[in-house]
Amino acid sequence: GVNDQVKKDLAEKGYAYRECRIVRSDGAIRWISDRSKLAYGDDGLPVRVEGVVSDVTERKRSEKQLSALAAVVEQSEDLIAVKDLDLRVVAANTAFAKISGHASARELIGKTDAEIFGVPPGAEPVRTSMEDDRNAQRLRPGERLTREEALVAASGGVRHVLTKKYPVFDAHRKLIGTGHISTDI
């Protein structure tokens, strides 16, 4: 069981880490992390186990929520991307990658629209798109720019989309980039 694995890790590595779900006496379900290590005496032999147990329930809930949101974004047919203040992609979904002719969203990370679509930054429609990104970064929380546009896919096909761009703020209300969602219309 779990305790056997902890004993094995302590014996083999001198430390152990685990996260597990527990049920408290009041019936509440919590998640804990347990970090343990062996403490050694002057003779080099283990004399005790030292450790810290922490309640990580809120982190686990946050991870579950983020995972669910990531799945929705990834499985969406909408083109979704987040760009940093320099207009470089920090996150995107597969639909965005495919329309731009890339096998995966990972290929887009760190690139501007001009680099993704292989055109000069001043070429249309990339110039207007990047200008919209900069303008979106000037908006207040909850505001957005909306534009209907024809999007030329890497395959040469044209899709008419409704694009919404909005500022993205961190937990401290600091601007960190631009959100971008384009829906086929």
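Refer to the structure printed above.
All residue numbers refer to position in the chain's written sequence, counted from 1. Thresholds applied to this predicted model are a pLDDT of at least 70 for local features of residues and 80 or more for the giving and counting of side-chain atom pairs; totals over whole chains, interfaces and linings are not thresholded and use all residues. Hydrogens and water are ignored here; the side-chain numbers use all heavy atoms of the structure.

### Some details on the sheet that holds strand β5 (residues 89-92)
Okay, step 1: Pairs of strands are assigned from DSSP output, requiring at least two bridges between the strands. Under the DSSP-based scheme used, a helix requires at least four consecutive residues in state H or I and a strand at least two consecutive residues in state E, with every element numbered from the N terminus. Here we have five strands laid out as an open sheet, ordered β5-β4-β8-β7-β6, and antiparallel in their pairing. Looking along the sheet, the strands with just one partner apiece sit at the ends: β5 and β6 (145-152). Across the sheet, the mean angle separating the axes of adjacent strands is 25° when strand polarity is ignored.
Okay, step 2: Taken together, the nine bridges between strand β7 (residues 158-169) and strand β8 (residues 175-184) define a ladder with antiparallel strand orientation. Along β8, the bridge assignment pairs Lys165 with His180. Note on geometry: axes are C-alpha line fits, over the in-contact stretch for helices, and angles between N-to-C directions span 0 to 180 degrees.

### Points about the sheet that holds strand β3 (residues 46-55)
Okay, step 1: Strand order in the open sheet formed by three strands is β1-β2-β3, with antiparallel pairing between adjacent strands. Edge strands, defined here as strands with exactly one partner in the open sheet, are β1 (15-23) and β3. Between one strand axis and the next, the sheet turns by 25° as a mean value, whatever way the strands run.
Okay, step 2: Bridging between strand β2 (residues 29-40) and β3 involves nine bridges; their strand directions are antiparallel. Bridge pairing links Ile32 to Asp55 in β3.
Okay, step 3: Should any heavy atoms of two residues lie within 4.5 Å, those residues are considered in contact. Running at roughly 120° to β2, helix α2 (residues 57-75) makes contact with β1, β2 and β3 of the sheet.

### With respect to the pattern of salt bridges
Okay, step 1: We define a salt bridge as a contact between a side-chain nitrogen of Lys or Arg and a carboxyl oxygen of Asp or Glu at a distance within 4 Å. Here the structure, examined in full by the defined rule, presents 18 salt bridges.
Okay, step 2: Each of Glu19, Arg59, Lys60 and Glu63 takes part in a single network of salt bridges with overlapping partners.

### Re the environment of Ala114
Okay, step 1: Examined against the element boundaries, Ala114 turns out to sit in helix α4 (residues 113-117).
Okay, step 2: Accessible area is worked out with a 1.4 Å probe on protein chains only. A residue is then buried under 20% of its type maximum, exposed over 50%, and partly exposed in between. What makes Ala114 buried here is its relative accessible area of 5%.
Okay, step 3: Ala114 has contacts with Val119, Pro120, Pro121, Val126 and Met130, leaving out every residue within four places of it along the chain.

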